[in-house]
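Each chain, written out:
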Amino acid sequence: MYTCKTLIATEGDHVSQEKRLSICLEANGFSFSETTPSGELLTFGVAEGAHAASITDATRDVKAFFLDAGVRPLGYKTMELIVMSDASTWVPDELYTMTANRQYLKLVGCNAVSVMTCHSSALGSTAVFAGNEQLAMAFKVALPGLSVINQHAKMVCVKDMTRSHPVLFAYWRKGIVDVAACKDGKYLFGNSLKYKGREEAMFRLVEVMKTYGLDDGTAELMLCGDVDRDVYAMMRPYFPKTTLYGGEVTRCANSEFKKLRTYRYALILM
């Protein structure tokens, strides 16, 4: 069962067909948001609790949570579930074969039994990634029309990465930093980099910047996720510009949203 840790809602009627529902799956629960096409944040919530072992029980728990939260997840323009995967790879369309999914992951050192995919038209490639396929299916059953992607497919869509200067996007998690590198409006690299300490994480981010030619004196490091003051302070000297990225929300009708540290939930606020 899931319990509601945080729920901020905007009063008033909004046509569901014009809204977007975005959910980010975590190890113990999930976060979600409702936004309008113009970028207004309508609802934000965090659910905590162990995920049920069976599809039937997980589907029941998801349905019950949204019902109790007063959210009717039907008729949205778009609905997405972001699966935070520790292992993934991009395969160009001209090389992709569905029957080779597990082999693709083996090539990057992952022998996962549960493998999922999602396509990116922007890259002309398919993301093959490890994740809890059974849990993702439970969400899809509970929320008909839901599309399943991973964090790297989501990070390709970050509008701020199309800026004129190089951008290195870094989403921090425990022991892992998910990165996306962009230069001249083009996506160059994306992966999940494991680290044992913050110094190692810093070294790996600087290594990505240098390897992909982002170190031209104008590069911007965009931090989000589990970022604290120490991480921010550590990174600043190594990049011309370091910012906290809080998603693409442009306005909020409810003043309670001002207390929300949006950079922690950037993926569902894009």
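Since the model is a prediction, treat every value here as computed from it, not as a measurement.

Taking 1.5 Å of rise per residue, 14 residues should cover 20 Å, and helix H5 (residues 198-211) covers 20 Å from first to last C-alpha, within 8% of that figure. The set of residues buried in H5 consists of Ala201, Met202, Leu205, Val206, Val208 and Met209. Around the axis of H5, the buried residues are gathered within 155° of arc, so they sit on the same side. Exposed positions of H5 whose direction lies more than 90 degrees from the buried face are Glu199, Phe203, Lys210 and Thr211. Looking at the packing, one finds that the buried side of H5 touches strand S10 (167-173), strand S11 (176-183), strand S12 (186-194) and helix H6 (229-235). Downstream of H5 by a residue or two, Gly213 has a phi angle that is positive, lying close to 65°.

The next thing to look at is the packing of aromatic side chains. Centre-to-centre distance and the angle between the planes together describe a pair of aromatic rings. Under the counting rule described, the total for this entry stands at 13 aromatic pairs. Ring geometry for Phe30 versus Phe65: centroids 5.2 Å apart, planes at 80°, classification edge-to-face. Here Phe30, found in strand S3 (residues 29-35), pairs with Phe65, found in helix H1 (residues 55-68); they are 35 residues apart in sequence, far enough to count as distant. The two residues Phe30 and Phe65 agree in class, both being buried.

Cut-offs applied
Residues numbered from 1 in each chain as written. Predicted model: local features only at pLDDT ≥ 70, side-chain atom pairs only at ≥ 80, totals over all residues. Heavy atoms only, no water. Helix = DSSP H or I, 4+ residues; strand = E, 2+ residues; numbered from the N terminus. Expected span 1.5 Å × (residues − 1). Buried < 20%, exposed > 50% of the residue type's maximum accessible area, 1.4 Å probe, protein only. Arc of directions from axis to C-beta. Contact = heavy atoms within 4.5 Å. Phe/Tyr/Trp six-rings, centres within 6.5 Å; stacked < 30°, edge-to-face > 60°.

Interpretation note: all reported values are geometric properties and have no functional meaning in isolation.
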